[in-house]
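The chain contents come next:
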Amino acid sequence: MTSSADLASVTGVTVPDTRLAAEATELVRDATDDLIYHHSRRVYFFGSLQGRNRQLGFDPELLYIGAMFHDLGLNEEFRNSGRRFEVDGADEARRFLQSHGVPEDSIRRVWTSIALHTTPGIPQYMEPEVALVTAGVEYDVLGIGYRDISDADRDSIVALHPRPDFKQRILRAFTKGIEPKPDTTFGNVKADVLQRYTPGFERGDFVDTILDSPWPE
């Protein structure tokens with residue numbers, strides 16, 4: 001099995017050796033299952049490699065926190081929050097960082113990186129940490145930029161954090177996480193998940209929302 005040291009020698013990426021990163025790892029490891037934990041770690045590694053490819057300077061610790069918390073909002077305790085799962089995860093990250101006395105600008109970057117990670121077309125124009133959480137998610141979930149990372153680097157990361165039947169398992173996790181609050185999918189990509197997997201789901205329509213608004217004209 002590939003060790004953390006082996007991974008670092010292959011990819012040139014390491015998990016930040018800080019108390020903050022260690023406690024974030026422990027929190028997410030305890031709060032989530034293997035699917036979300038391994039996915040979140042891959043998001044960090046893939047996002048870091050994409051940052052290197054794009055010659056972006058970024059704070060590895062902030063990128064790591066964003067990656068680790070980005071899907072925490074799918075957990076059962078948030079399913080009746082009435083908020084988008086991305087916001088629930090972002091809020092949890094904010095509470096975690098505030099409890100460790102992290103500066104507000106850094107907290108804002110992490111919050112935004114999580115809140116926008118399913119909103120294509122915007123994060124890449126923002127701070128590197130925001131852009132790279134989305135880049136890591138898009139790589140691992142959608143395969144965007146798949147050839148931008150070498151086979152050797154990709155294989156090393158997946159050896160450390162496996163993805164057995166990942167496509168089907170992550171879709172099931174998305175469905176379970178958002179099915180109780182379907183209105184939160186209006187205007188975002190998660191409506192596609194419920195459209196496919198939730199019987200009776202009717203996605204909101206932007207045009208109908210305008211035409212049916214209370215304005216009289």
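How each quantity is defined
- Residues numbered from 1 in each chain as written.
- Predicted model: local features only at pLDDT ≥ 70, side-chain atom pairs only at ≥ 80, totals over all residues.
- Heavy atoms only, no water.
- Helix = DSSP H or I, 4+ residues; strand = E, 2+ residues; numbered from the N terminus.
- Expected span 1.5 Å × (residues − 1).
- Buried < 20%, exposed > 50% of the residue type's maximum accessible area, 1.4 Å probe, protein only.
- Contact = heavy atoms within 4.5 Å.
- Phe/Tyr/Trp six-rings, centres within 6.5 Å; stacked < 30°, edge-to-face > 60°.
- Lys NZ or Arg CZ within 6 Å of the ring centre and 35° of its normal.
- Salt bridge = Lys/Arg side-chain N within 4 Å of Asp/Glu carboxyl O.
- Core = buried A, V, L, I, M, F, W, Y, C linked by side-chain atoms within 4.5 Å.
- Axes fitted to C-alpha atoms, helices over the stretch in contact; angles between N-to-C directions.
- Parallel < 35°, antiparallel > 145°, perpendicular 65-115°, else oblique.
- Left-handed = near helix turned anticlockwise from the far one by under 90°.
- Patch = residues over 30% accessible without salt bridge, like charges linked within 9 Å, V, L, I, M, F, W, Y side chains within 5 Å.
- Areas by Shrake-Rupley, 256 points an atom, 1.4 Å probe, with all protein chains shown as cover.

Here helix H5 (residues 85–99) contains 15 residues, and its C-alpha end-to-end distance of 21 Å stays within 8% of the 21 Å for a straight helix at 1.5 Å per residue. Along H5, the residues that are buried comprise Phe-85, Glu-86, Asp-88, Gly-89, Ala-90, Asp-91, Ala-93, Phe-96 and Leu-97. Buried residues along H5 sit against helix H2 (19–31), helix H4 (60–69), helix H6 (104–115), helix H9 (166–178) and helix H10 (190–197). Just downstream of H5, Gly-101 is the residue with a positive phi angle, here 70 degrees.

Turning our attention to the packing of aromatic side chains. Scanning all chains against the criterion turns up five aromatic pairs. Summarising the aromatic geometry, the rings of Tyr-44 and Tyr-64 are spaced 5.1 Å apart at their centres and angled 90 degrees between planes, so their arrangement reads as edge-to-face. Linking Tyr-44 in helix H3 (residues 34–53) with Tyr-64 in helix H4, this pair joins segments that are 20 residues apart in sequence. Across the pair, exposure class does not vary: Tyr-44 and Tyr-64 are buried alike. Where Phe-69 meets Phe-96, the ring centres are 5.3 Å apart and the plane angle is 40 degrees; that geometry is what we call tilted. Of the two residues, Phe-69 sits in helix H4 while Phe-96 sits in helix H5, which places them 27 residues apart along the sequence. This pair shows no difference in class: Phe-69 is buried, exactly as Phe-96 is. Members of the aromatic cluster, connected to one another through ring pairs, are Tyr-44, Phe-45 and Tyr-64. Across from the ring centre of Phe-166, 4.8 Å away, lies the NZ or CZ of Arg-42, which sits over that ring. Above the plane of the ring of Phe-174 lies Lys-190, whose end atom (NZ or CZ) is 4.2 Å from the centre.

Think of an α-helix as 3.6 residues a turn; residues three or four steps apart then line up on the same face. With 20 residues, H3 should cover 28 Å at 1.5 Å per step; its first-to-last C-alpha distance of 28 Å lies within 8% of that length. Just beyond H3, the residue with positive phi is Gln-55, at close to 60 degrees.

Glancing now at the pattern of salt bridges. The tally for this structure, following the rule as stated, stands at 18 salt bridges. In this structure, Glu-86 engages Arg-84 in a salt bridge whose closest nitrogen and oxygen atoms are separated by 3.0 Å. A relative accessible area of 24% places Arg-84 in the partly exposed class. Salt-bridge contacts for Arg-147 lead to Asp-151; the nearest nitrogen and oxygen are separated by 3.8 Å. Judged by its relative accessible area of 44%, Asp-151 falls in the partly exposed class. Salt bridges linked by common partners bring Asp-105, Arg-108, Arg-109, Glu-127 and Glu-129 together as one network.

Ranked by internal contacts, the top residues of the largest apolar core, which has 36 residues, are Tyr-44, Ile-65, Phe-69, Phe-96, Leu-97 and Val-110. Where this core is concerned, the elements lending two or more residues are H2, H3, H4, H5, H6, helix H7 (128–142) and helix H8 (151–160). Looking at this core element by element, the count peaks at seven residues for H4. Contacts of Tyr-44, omitting those with residues within four sequence positions, involve Val-13, Thr-14, Val-15, Pro-16, Pro-60, Leu-63, Tyr-64 and Ala-67.

A separate point is the environment of His-161. Relative to the helices and strands, His-161 is located in the loop between H8 and H9. Note: C-alpha distance between His-161 and Tyr-139 (22 residues apart in sequence) is 14 Å. Not counting residues up to four positions away in its chain, the partners in contact with His-161 are Tyr-37, His-38, Arg-41, Arg-42 and Phe-45.

To continue, consider the packing of H6 against H7. The relative placement of two packed helices is expressed as an angle between their axes plus a distance between the axes. Where H6 meets H7, the closest approach of the two axes is 8 Å, and the angle between their N-to-C directions is 30 degrees. Taken as axis vectors, H6 and H7 run roughly parallel relative to one another. For H6 against H7, the interelement crossing comes out right-handed. In this structure, H6 contributes Arg-109, Thr-112 and Ser-113 to the contact, and H7 contributes Pro-128, Glu-129, Val-130 and Val-133.

A surface patch of nonpolar side chains, about 540 Å² in accessible area, is lined by Phe-186, Phe-206, Val-207, Ile-210 and Leu-211. Tracing the sequence through the fold places Phe-206 in helix H11 (residues 206–211). Looking at Phe-206, the relative accessible area reads 57%, which means it is exposed.

Purely geometric stuff here, so don't read any function into it on its own.
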